[in-house]
Amino acid sequence: MADKVPSEFDVVVIGTGLPESIVAAACSRSGQSVLHVDSRSYYGGNWASFSFSGLLSWIKEYQEESDGDEWAAWQELLLEAEEGVALRKKDQTIQHVEVIRYASQDSDEHVEEVGAVQKNPAPVTSASSNDPPDSTGTACSDTSELTAPLNEPETSQEVPDVDVTLGNESHGGDTDCTESPLEQEKAENVPVGEAVVDVPKKNRITYSQIVKEGRRFNIDLTSKLLYSRGLLIDLLIKSSVSRYAEFKNVTRILGYREGTVLQVPCSRADVFNSKQLTMVEKRMLMKFLTFCLDYEQQPEDYKAYEECPFSEYLKTQKLTPSLQHFVLHSIAMTSEGCTGTLDGLRETQNFLRCLGRYGNTPFLFPLYGQGELPQCFCRMCAVFGGTYCLSHAVQCLVVDKESGKCKAIIDHFGQRISAKYFIVEDSYLTEKTCSDVAYRQMSRAVLITDRSVLKAESDQQISILTVPPVEPGSAAVRVIELCSSTMTCMKGTYLVHLTCPSSKKTAREDLESVVQKLFTPYAEAELENEEVEKPNLLWALYFNMRDSSGINRDSYNDLPSNVYVCSGPDCFLGNKNAVQQAETLFRHILPNEEFCPPPPNPEDIVFDGDGMQPEVPAPKPEAAEDVTSQGDAEEHSEE
Amino acid sequence: MDGTGDPGGFRIIASPSPPFIYRQHGRLKVRTTDEQAEAKRVEREQKLKLYREATEAIFQKRQEGHLDESVLELTSQILGANPDFATMWNCRREVLMHLETQKSPEEFATLVAAELGFLESCLRVNPKSYGTWHHRCWLLGRLPEPNWTRELELCAKFLEADERNFHCWDYRRFVAQKAPVPPAEELAFTDSLITRNFSNYSSWHYRSCLLPKLQSLSDSQPPGRLPEDILLRELELVQNAFFTDPNDQSAWFYHRWLLGRADPKDAIRCLHVSRNEACLTVCFSRPIIVSPGMETLMLFVDRAPLPVEWRTPDGRNRPNYVWLCDLPTDSFNGQSPQHSFSLMWGDVQKECVLYQGLKESWCQDSATDEQLFRMELSMEKSTVLQSELESCKELQDLEPDNKWCLLTIILLLRALDPLVYEKDTLKYFQTLKVADPMRTAYLDDLRSKFLMENYILKMEYADVRVLDLSRKDLTVLCHLDQLLLVTHLNLSHNLLRSLPPALAMLRCLEVLQVDGNAIESVEGVVNLPRLQELSLCDNSLQHPLALQTLASCPKLSLLSLERNPLCQLEAAPEELRAMLPNVDRILT
């Protein structure tokens, strides 16, 4: 389908993760012709979000043995004065994938996701052609869904509409394929809290329900939040890319102390309203936080502790042990012993500066998942003329022997595409290139649960919880709990992401103890009464992801000077690395251009003397037509 | 409801909402390039032209009496751009009132609906436009069946956008009163806004209006005072606020209101009859003006009404605590051994009896009995205040320099017991003056006031008519209305700069010592019928003319003026003698 890709570009970007997508958008915005390819069938790489069935396909892919890592034929396509740097055929960044299904399956063994065509379609072969939608009988009724190109970057405005249509039909049309339609109606329409009281047995969520409602899930591979005064928010605003996305404020900062989950008061309003703090604690906490806000102005207050760990410094601040704990773990989000006072103060300051911009916590979460963000930048790139090809693998980089520079790529069709600059995501590089690189790993868990870790008046809470390490020296585990209004999970469930740097062999070994602290496996809970404090685990996924951040360019072997490497997601909460990396690369490529300047305001467009041509770089319509995605993207950008 | 509806997310924009710490209002302005500025200028000129034309058209139509829908249309163009053009709103009101008589009720209802929609759009342009809110008040006030629920929602929406928009708060109070919304519900609404951001004067203020109106309040409650359980709850709430941010004034002001006392009930504090001066003097609980239009007094002498002329001690016709009248000599020189004088002021009455052989007589409410200078405290309430004091002291340990905290401690000490805590209070004043040097003068005045209150109390306990206020660092004289009966007053060695007109209320004063101050004016020493000695040594009197008012004191016989600048003037003794011929001895 993509055999008409032009053979010459200014910039070729391989991989659609966040940093690559930002560079692509920035280059395209500055008038460069950009080809953006990804060997996967979905956007985002390890930054992607999946529907439930999409995730199952993703898991399947990593659990299967690889069919050879090297491309075969590319050497024949090289000319005499050229050599090739091979790229990887199959991704190796994900390991130790383990799935545990706790929720019961229902009598009906074969359940399919309603609608079957997923939001982030898994590889075409595995999802759509192997298992055509059967049992639901609704898939064909929604024509708009079917005519939409598979690989388009989704618009957030569009999805709820589709969801509504499909959701309604599923209520009416497919009632005979699950065991009790009435029960299901109830489970979906009654708020969870009430349901527990009235019909305790009936709100049990079954695995079949999860599969059936799978489209409601948008499960992030990488779990992050946006600092509301962070680089990414600034960039989204400055470049107007923000218009492609919607956000929700994280509603609660939680802490874990002495076996209980507590809400951490961190904003002025929180402190004022807190019932757990005494008056004096309120004062001490506010005093300390106010000091942190511009701690640089009062160096005498912390100078003596610069060499000490932050936790030691906190002990001198007249804060009660619980306040010290909150500041250390939940506000500065640092761990005992290993963070210095200056870093701790800086982190606290950063946290506080982000407070109150959009709400009472410093964080935002993108509706429909973190995977939306790379796509937003891709859309921006497409609007300014970038060319998009998904499921488009690259066999090798072609290097001119004489200059040592890369001059082209050879794609999986054997087509040669030349460019001046090449940006490659780390996971595409082969072992040969990366033999000297020492990668770290991060451990991830994705859980589906039936209630929140901390009950509150409203069940629609977005919470971030830091669980401090049990043994000193190991890492804290970051837990992000998402409710259904973030459009990442079905009603009545919560999607919980756990992240920490790996210290043991597998993610499950790293994270299972924390999971056990916070949750009860579904089966056990069934035996006990309904008063169980902890939420039930319905489903769990563990995996390790390679953390390729912070790697010096020189560590890669044989990298031509005009090839730049982007790292995959890192372990941090924010997206600072991705933005900084993208900006640095952009400055290398176009040192004299502004990075993602605001798009011109229609009012400020000044017409030439003859009044014919606006000075705005309008997207070229002919470029937009030959590849799958961008015509659509352009349309939406006008909203 | 299906779970797939609007998830309620928001677009991120650069406009800031409340930061962690509240600083001054203030917005950045975006600078434009010259080119853009020029384009804007041209555009503005065009707009201005249209604006002027529309304005002219409206005035013309108004003059010609064409009050029809076209005027509505034209004014909406103007007001859409500038909702603060008050005349345009007046025009609209005229048109609407006119159309009300012309149109059928249905047609007019459509017009009203459109008007409400238009008003809302104007408010979105400028949510703080006086004219727009006022017009909405006017319109809603005229409707036969106004939809108050919708108006409350409108208020909630605008307060959501800016919780400190006092225009909207005003309007909300109007709506809540008309609807009517029970005070408890409105109180809950202020709760929700304070929870969001307690730096909100409007919200605290509204509470202070609502709390006394709560239906749960019993009738036995003194008007304007809160029952203790509510007081306790409010104190805790406000305490949370000032522990969270002790520099936020709104909470402290509310706290001060909570600790404050209600206006005293109208009362005649003192009734005094003097045989020698043939004069009756009254002191009221508040300054009043006695005149037919304002306040009427009825005097009965031996049960018979006696018409008299009322005047103030200083002769000025201004609100005054003290009023007096001359009595015809026959009213108390008759045969009977005693004469009763009874005064009625509204439904308040006071009587005093002058016995034969006595020069004067009075009937006075005691400041100590009335607890004039502190809260009316029950046992429970003073426990509440005691614990308030403890927490403020705790806060002061944490924030030694917080002026609000220090001031509140002083107020609490006074509310608890002004005499017992006198020393503590003075100590806190010292600390507070250091912490808040910008307000030293205010604090000195406040301290003077508190000290005078204490000495008045002490004098009353001692049951004497002599008051010694020397060497107290007084900067100002207060509560002079309480000193009606004082015969000897010593104000020497203070920091006074003048003897204010209120001093004329001291009708019984015989000896006044004001040595060692910085007195420049003695305008208050006027019409004092019994004043014999006045000592003004070591002051800043510049010229004999400053003493002119003394001529109105008939009994003044000794005047000490040593070590004043005027003593340097050669002609001074002579001028003084000429000016004050009745004074036997003038020492210069």
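In this numbering scheme, every chain counts its residues from 1 along its sequence in written order. For naming, the first written chain is A and the first written ligand is 1, with later ones following in the order written. Predicted model: local features are reported for residues with pLDDT of at least 70 only, side-chain atom pairs are reported and counted for 80 or more only, and whole-chain, interface and lining totals are derived from all residues. As a rule here, side-chain values come from all non-hydrogen atoms in the structure, and water together with hydrogens is ignored.

Labelled according to an unreviewed UniProt entry, chain B appears under the name Geranylgeranyl transferase type-2 subunit alpha, originating from Phascolarctos cinereus. Under the Catalytic activity (unreviewed entry) heading, UniProt states for chain B: "geranylgeranyl diphosphate + L-cysteinyl-[protein] = S-geranylgeranyl-L-cysteinyl-[protein] + diphosphate". Its UniProt record gives chain B a comment under Sequence similarities (unreviewed entry), which states: "Belongs to the protein prenyltransferase subunit alpha family." UniProt positions are given in the numbering used here, feature names are shortened, and annotations may be inferred rather than shown by experiment.

With an unreviewed UniProt entry as reference, chain A is termed Rab proteins geranylgeranyltransferase component A, source organism Phascolarctos cinereus. UniProt, in its Function (unreviewed entry) section for chain A, records the words "Substrate-binding subunit (component A) of the Rab geranylgeranyltransferase (GGTase) complex. Binds unprenylated Rab proteins and presents the substrate peptide to the catalytic component B. The component A is thought to be regenerated by transferring its prenylated Rab back to the donor membrane." Quoted verbatim from the Sequence similarities (unreviewed entry) field of the UniProt record, the comment on chain A reads "Belongs to the Rab GDI family."

Along its length, chain B carries 17 helices and 15 strands. When a residue's accessible area, from a 1.4 Å probe over protein chains only, is under 20% of the maximum for its type it is buried; when over 50% it is exposed; and in between it is partly exposed. For chain B, the proportion of its 588 residues judged to be buried stands at 48%. Partitioning the intrachain contacts of chain B with sequence separation of at least 6 by distance along the chain shows that 58% fall at a separation of at least 24. Of the roughly 29,700 Å² that chain B leaves accessible, carbon and sulfur atoms contribute 52%. Numbering of helices and strands starts at the N terminus; helices are DSSP runs of H or I of at least 4 residues and strands are runs of E of at least 2. By the convention used here, residues are in contact when the closest approach between their heavy atoms is within 4.5 Å. Here the Shrake-Rupley method, with its probe set to 1.4 Å, supplies the accessible areas, and only the displayed protein chains count as covering residues.

Take the pairing of strand β17 (residues 440-449) of chain A next. Residue and element names in this part refer to chain A. Most of β17 is tucked away, with 8 of its 10 residues classed as buried. Pairing between strands is defined by DSSP: at least two bridges between the two strands are required. The sheet contact formed by β17 and strand β22 (residues 536-547) spans 10 bridges and is antiparallel. By the bridge assignment, Arg444 is partnered in β22 with Phe543. Bridging between β17 and strand β20 (residues 494-501) involves 8 bridges; their strand directions are antiparallel. In the sheet register, Met442 faces β20, and the bridge partner there is Pro501.

Attention now goes to the confidence of the model for chain B. Residue and element names in this part refer to chain B. Confidence of the predictor at the level of single residues is given by pLDDT, which spans 0 to 100. Averaged over all residues, the pLDDT of chain B is 86; the fraction at 70 or higher stands at 90%. A low-confidence stretch, residues 15-31 stays under pLDDT 50, and its non-local contacts, those more than four residues away or across chains, total 21 contacts. We note a pTM of 0.74 for the whole complex and an ipTM of 0.74 for its interfaces.

All names here are of chain A. The disulfide definition used here is simple: a pair of cysteine sulfur atoms within 2.5 Å. For the structure on display, the rule yields 0 disulfides over all chains. Lacking any disulfide linkage, Cys381 is separated from the closest cysteine sulfur, that of Cys378, by 6.9 Å. You can see Cys566 has no disulfide; the closest cysteine sulfur is in Cys27, sitting 10 Å from it. Residue Cys566 is classed as buried on the basis of its relative accessible area, which comes to 0%.

All names here are of chain B. Ordered in space as β10-β11-β12-β13-β14-β15, the 6 strands form an open sheet in which the pairing is parallel. This sheet does not close on itself; its edge strands, each paired only once, are β10 (466-468) and β15 (585-587). Between one strand and the next, the sheet's axes are offset by a mean angle of 0°, whatever the strand orientation. Where strand β14 (residues 558-560) meets β15, 3 bridges bridge the pair, whose relative direction is parallel. Bridging across to β15, Leu558 finds its partner in Arg585. To obtain each axis, a line is fitted to C-alpha atoms, and for helices this fit is confined to the stretch in contact; angles are then taken between N-to-C directions over 0 to 180 degrees.

Right, let's talk about unusual backbone geometry for a bit. Residue and element names in this part refer to chain B. Of note, the bond from Ala179 into Pro180 is cis; its omega dihedral lies within 30 degrees of zero at -15°. Counting through the fold element by element, Pro180 comes out in the loop between α7 (166-178) and α8 (183-196). Positive phi is not limited to glycine here, since Arg471 has a value of about 55°. As for its position among the elements, Arg471 is in the loop between β10 and β11 (488-490). Positive phi, close to 55°, is recorded for His479, a residue that is not glycine. Mapped onto the elements of the fold, His479 is located in the loop between β10 and β11.

All names here are of chain A. Strand order in the open sheet formed by 4 strands is β4-β13-β14-β15, with antiparallel pairing between adjacent strands. Looking along the sheet, the strands with just one partner apiece sit at the ends: β4 (82-86) and β15 (416-418). Along the sheet, successive strands turn relative to each other by an average axial angle of 30°, direction set aside. Note: strand β14 (residues 406-411) against β15, 3 bridges, orientation antiparallel. Residue pairing in the sheet places Ala408 in a bridge with Ser418 of β15.

On to the packing of helix α2 (residues 69-81) of chain B against helix α4 (residues 105-125) of chain B. All names here are of chain B. Where α2 meets α4, the closest approach of the two axes is 10 Å, and the angle between their N-to-C directions is 15°. When the interaxial angle is binned, α2 and α4 end up roughly parallel. Where α2 crosses over α4, the two elements pack in a sense that is left-handed. Across the interface between the two elements, Glu69, Leu72, Ser76, Leu79 and Gly80 of α2 pack against Leu111, Phe118, Cys122 and Val125 of α4. Between 65 and 115 degrees an angle is taken as roughly perpendicular, under 35 as roughly parallel, over 145 as roughly antiparallel, and anywhere else as oblique. Here is the rule for handedness: rotate from the far helix to the near one, and if that takes an anticlockwise turn smaller than a right angle the crossing is left-handed, while a clockwise turn gives right-handed.

Residues and elements named next belong to chain B. The length a helix should cover is 1.5 Å for every residue beyond the first. When the terminal C-alpha atoms of α8 are compared, their 20 Å separation across 14 residues agrees well with the 20 Å that a helix rising 1.5 Å per residue should span. Buried within α8 we find Pro183, Glu186, Leu187, Phe189, Thr190, Leu193 and Ile194. Axial view of α8: buried residues confined to an arc of 155°, hence all on one face. Of all possible arcs, the one meant is that of the directions from the helix axis to the C-beta atoms.

We now examine the domain arrangement of chain B. For chain B, the domain assignment lists domain 1 (38-213), domain 2 (268-364), domain 3 (379-444) and domain 4 (464-586). A C-alpha centroid distance of 45 Å is found between domain 1 of chain B and domain 3 of chain B. Residue ranges labeled as domains rest on an automatic or database domain assignment.

All names here are of chain A. Over its 15 residues, helix α11 (residues 279-293) extends 21 Å from the first C-alpha to the last, a length consistent with the 21 Å expected when each residue adds 1.5 Å. Within α11, 12 of the 15 residues are buried, which leaves it mostly tucked inside the rest of the structure. Those residues of α11 that sit buried are Met279, Glu281, Lys282, Arg283, Met284, Leu285, Met286, Phe288, Leu289, Phe291, Cys292 and Leu293.

All right, on to the pairing of β14 of chain A then. All names here are of chain A. Among the 6 residues in β14, 5 count as buried, and that is most of the element. Pairing of strand β13 (residues 394-400) with β14 involves 5 bridges; the strand directions are antiparallel. Each bridged residue has a counterpart across the sheet, and for Cys396 the counterpart in β14 is Ile410. Here β13 folds back onto β14, and the loop between the two strands holds 5 residues, one of which, Gly404, carries a positive phi near 75°.

Moving on to the pattern of salt bridges. Residues and elements named next belong to chain A. Put simply, a salt bridge is a Lys or Arg side-chain nitrogen that is within 4 Å of an Asp or Glu carboxyl oxygen. On inspection of all chains with the given rule, the structure shows 61 salt bridges over all chains. Ionic pairing is found between Asp547 and Arg440, a salt bridge with its closest N-O pair at 3.7 Å. Of this pair, Asp547 sits in strand β22 while Arg440 sits in strand β17, and the two are 107 residues apart along the sequence. Among the charged side chains, a network of salt bridges with common partners joins Glu82, Asp400, Lys407 and Arg416.

Among the structural elements, Arg40 of chain A can be located in the loop between β2 (34-37) and β3 (49-50). With residues up to four places along the chain from it excluded, the contact list for Arg40 of chain A reads Gly45, Asn46, Tyr62, Asp91, Leu390, Ser391, Ser427 and Tyr428 of chain A.

Looking now at the packing of α7 of chain B against α8 of chain B. Residue and element names in this part refer to chain B. Remark: α7 packs on α8, axes separated minimally by 12 Å, with the N-to-C direction vectors making an angle of 155°. With respect to their mutual orientation, α7 and α8 come out roughly antiparallel. Regarding α7 and α8, the two cross each other, and that crossing is right-handed. For the pair α7 and α8, the contacting residues are Trp169, Arg172 and Ala176 in the first and Glu186, Phe189, Thr190 and Leu193 in the second. The classification used treats Ala, Val, Leu, Ile, Met, Phe, Trp, Tyr, Cys and Pro as nonpolar, Asp, Glu, Lys and Arg as charged, and all other residues, Gly among them, as polar. Across the contact of α7 with α8, the residue classes tally to 4 nonpolar, 1 polar and 2 charged.

Keep in mind that low pLDDT regions are not for reading the predicted coordinates in detail. Residue and element names in this part refer to chain A. Here chain A shows a mean pLDDT of 79. Residues at 70 or above account for 75%. A low-confidence stretch, residues 116-202 stays under pLDDT 50, and its non-local contacts, those more than four residues away or across chains, total 129 contacts. Confidence drops under pLDDT 50 across residues 605-639; counting only partners more than four residues distant or on other chains, this segment forms 49 contacts.

In this section: the packing of aromatic side chains. Two rings from Phe, Tyr or Trp (for Trp, the six-membered ring) form a pair when their centres are within 6.5 Å of each other. A pair whose planes differ by under 30 degrees is stacked, one over 60 is edge-to-face, and the rest are tilted. This structure, assessed with the given rule, holds 32 aromatic pairs over all chains. Summarising the aromatic geometry, the rings of Trp133 of chain B and Phe158 of chain B are spaced 5.8 Å apart at their centres and angled 80° between planes, so their arrangement reads as edge-to-face. Separated by 25 residues along the polypeptide, Trp133 of chain B in helix α5 (residues 130-142) and Phe158 of chain B in helix α6 (residues 148-161) bring together distant segments of the chain. Grouping residues by exposure puts Trp133 of chain B and Phe158 of chain B together as buried. When the ring of Phe284 of chain B is compared with that of Trp345 of chain B, the centres are 4.9 Å apart and the planes differ by 70°; the resulting orientation is edge-to-face. With Phe284 of chain B in strand β2 (residues 279-288) and Trp345 of chain B in strand β7 (residues 338-345), this pair connects stretches of sequence that are 61 residues apart. Accessibility classification places Phe284 of chain B together with Trp345 of chain B in one group, the buried group. Three or more aromatic residues link up through ring pairs in this structure, and these residues are Tyr42, Phe50, Trp58, Tyr62 and Phe543 of chain A. Cation over ring: Arg268 of chain A sits above Phe198 of chain B, and NZ or CZ is 4.2 Å from the ring centre. Two conditions define a charge located above a ring, namely a distance within 6 Å from the ring centre to NZ of Lys or CZ of Arg, and an angle within 35 degrees of the ring normal.

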